[in-house]
Amino acid sequence: MENLDSSTKKRSFSEPAVGGKFKNVELIKLILMLKSGETLNRGRHVSKFEEKLSEVSGCKYAVSTTSCSSALFLVPKLLRLKKGDKVLVPANVFWTAVAPLLERGVVCVPYEVNRKDLNADFEGMRRKWKENQSVRAVYVQSFGGSPYEGPKFREFCDREGIFLVEDSAHGIGARIGNVPIQSYSHLACLSFSTLKNIVTLGEGGAIVTNTPEFGEEAKKLVESRALGTGHIIERDLIWRGTREEDRRAIFRPGDAFDWSWLSVEEIGLTLRLNAPAALMGCLQLDRLKTILRKRQNQR
């Protein structure tokens, strides 16, 4: 058994022991936050981080998540993709982008990538679209943080009534001129894991959008809530005849008692980013330009 474990370890993949490096002032602020007794989920640090992400990405709505894979998991829910729907994906798409699609029975049609920078190739996408004009969405990837042809893709998708989704795992801070690359897509997913541009304590991600419906629904999905049709029940009806001291002793499972559901279209999971990670994300975003400059000089 020891020999088996040893051989398995040699074959298994592991990331190199490097990643985002934190400054002493960042570590001190993290320690102070942990000692303060503040909540470790939700709270002001998460809100502040999402505000900063909104500004950097050029998107009105930013919802932080546990990882970029979590954000990509939300995309087919937000788009209401169903079994048999077709989606165009770049040939080098990362598997966590297509796994939620395949799980639903969505047909993923690959298209060529640009050999120069390995980004989504516009002409390659358009050729595949001519063979599959019933597609619901087009996925693109800013490979290594290098901007894809955002204006071309967005203009085409708007004209044909197709959703544009960007896997922008490495793309935070990427721009075309003065325009953040994420603002060209209907939905963009960011990563803050240990080898990305900024780091939120090992793992972290976000989904950003300029579409109000997507922004509001994403907030619900990361809180384990449902999307569908229902109405709020008056609280007085719930607690009628219950003594005040008894009400405080009753466990409230989220907002389940406040809603009467007529239909449920999608169900979320607990995918929200924790407060310490959000704090580190804020501090990293404050020096994003310096981080990006250093990464460019290391190429």
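Right, let's walk through the structure included here.

Reading the values: rules and limits
- Residues numbered from 1 in each chain as written.
- Predicted model: local features only at pLDDT ≥ 70, side-chain atom pairs only at ≥ 80, totals over all residues.
- Heavy atoms only, no water.
- Helix = DSSP H or I, 4+ residues; strand = E, 2+ residues; numbered from the N terminus.
- Buried < 20%, exposed > 50% of the residue type's maximum accessible area, 1.4 Å probe, protein only.
- Contact = heavy atoms within 4.5 Å.
- Areas by Shrake-Rupley, 256 points an atom, 1.4 Å probe, with all protein chains shown as cover.
- Pairing = 2+ DSSP bridges.
- Axes fitted to C-alpha atoms, helices over the stretch in contact; angles between N-to-C directions.
- Disulfide = S-S within 2.5 Å.
- Right-handed = clockwise from strand over helix to strand, strands pointing away.
- Expected span 1.5 Å × (residues − 1).
- Arc of directions from axis to C-beta.
- Phe/Tyr/Trp six-rings, centres within 6.5 Å; stacked < 30°, edge-to-face > 60°.
- Parallel < 35°, antiparallel > 145°, perpendicular 65-115°, else oblique.
- Left-handed = near helix turned anticlockwise from the far one by under 90°.
- Nonpolar A, V, L, I, M, F, W, Y, C, P; charged D, E, K, R; others polar.
- Polar contact = N/O pair within 3.5 Å; in protein donor to acceptor, adjacent residues only side chain to side chain.

**A few points about the overall build of the chain**
Part 1: Scanning the chain from terminus to terminus reveals 12 helices and 11 strands.
Part 2: Of all 299 residues assigned to the chain, the portion counted as buried reaches 43%.
Part 3: A separation threshold of at least 6 residues defines the contact pool for the chain, and within that pool the share at least 24 residues apart is 69%.
Part 4: About 16,600 Å² of surface is accessible on the chain, with carbon and sulfur atoms providing 53% of the total.

**Details of unusual backbone geometry**
Generally, phi is negative for residues other than glycine and the peptide bonds are trans, each holding for most cases.
Part 1: Located in the positive-phi region is Arg42, a residue other than glycine, with phi close to 60 degrees.
Part 2: Assignment of secondary structure puts Arg42 in the loop between helix H2 (24-35) and helix H3 (44-57).
Part 3: Positive phi values are uncommon outside glycine, yet Arg80 reaches one of about 55 degrees.

**Focus: the sheet that holds strand S4 (residues 137-141)**
Part 1: Taken in spatial order, the seven strands line up as S1-S9-S8-S5-S4-S2-S3 in an open sheet, and their pairing is mixed. Sheet topology places strand S1 (61-65) and strand S3 (107-111) at the edges, where each strand pairs with a single neighbour. When strand polarity is set aside, the average angle formed by the axes of neighbouring strands in this sheet is 20 degrees.
Part 2: As paired strands, strand S2 (residues 86-90) and S4 are joined by two bridges and run parallel to one another. Paired with Leu88 across the bridge in S4 is Val138.
Part 3: Packed onto the sheet, H3 meets S1, strand S8 (187-191) and strand S9 (205-209) and runs at close to 125 degrees relative to S1.

**Details of the state of the cysteines**
Part 1: One pass over the full model with this rule turns up zero disulfides.
Part 2: Left unpaired, Cys68 is separated from the closest cysteine sulfur, that of Cys189, by 5.4 Å.

**Digging into the pairing of S2**
Part 1: Buried residues dominate S2, accounting for four of its five residues.
Part 2: As paired strands, S2 and S3 are joined by five bridges and run parallel to one another. Considered in S3, the bridge of Val89 is made with Pro110.
Part 3: For the handedness criterion, the β-α-β arrangement of S2, helix H5 (residues 95-103) and S3 is classed as right-handed.

**Considering H2**
Part 1: The terminal C-alpha atoms of H2 lie 17 Å apart, and with 12 residues this matches the ideal 16 Å at 1.5 Å per residue to within 8%.
Part 2: All buried positions along H2 are accounted for by Glu26, Leu30 and Met33. Mapping the buried residues of H2 onto a view down its axis gives an arc of 65 degrees, with all of them on the same face. Residues of H2 that are exposed and point over 90 degrees away from its buried face: Asn24, Leu32 and Lys35.
Part 3: Next to the buried residues of H2 lie H3 and helix H11 (275-286).
Part 4: Of the residues one or two after H2, Gly37 is the one with positive phi, at around 85 degrees.

**What about the packing of aromatic side chains?**
Part 1: Under the criterion given, the structure shown has seven aromatic pairs.
Part 2: Between Phe94 and Trp95, the ring centres sit 6.4 Å apart and the planes meet at 55 degrees, which makes this aromatic pair tilted.
Part 3: For Phe94, a relative accessible area of 44% translates into the label partly exposed.
Part 4: With relative accessibility at 57%, the residue Trp95 sits in the exposed group.

**Considerations on the packing of helix H6 (residues 122-131) against helix H7 (residues 150-160)**
Part 1: As a packed pair, H6 and H7 sit with axes 10 Å apart at the nearest point and diverge in direction by 20 degrees. Compared by their axis directions, H6 and H7 come out roughly parallel. You can see that H6 and H7 cross each other, and the crossing is right-handed. Contact residues: H6 offers Phe122, Met125, Arg126 and Trp129, while H7 offers Lys152, Phe153, Phe156 and Glu160.
Part 2: Class assignment for the residues of the contact of H6 with H7 results in five nonpolar, no polar and three charged.

**Structural notes on H11**
Part 1: With 12 residues, H11 extends 17 Å from end C-alpha to end C-alpha; this agrees with the ideal 16 Å at 1.5 Å per step.
Part 2: Counting buried positions along H11 gives 11 out of 12 residues, so the element sits mostly inside the fold.
Part 3: Those residues of H11 that fall on the buried side of the exposure criterion are Ala275, Pro276, Ala277, Ala278, Leu279, Met280, Gly281, Cys282, Leu283, Gln284 and Leu285.
Part 4: Residue Asn274 occupies the N-cap position of H11, its side-chain oxygen lying 2.8 Å from the main-chain nitrogen of Ala277.

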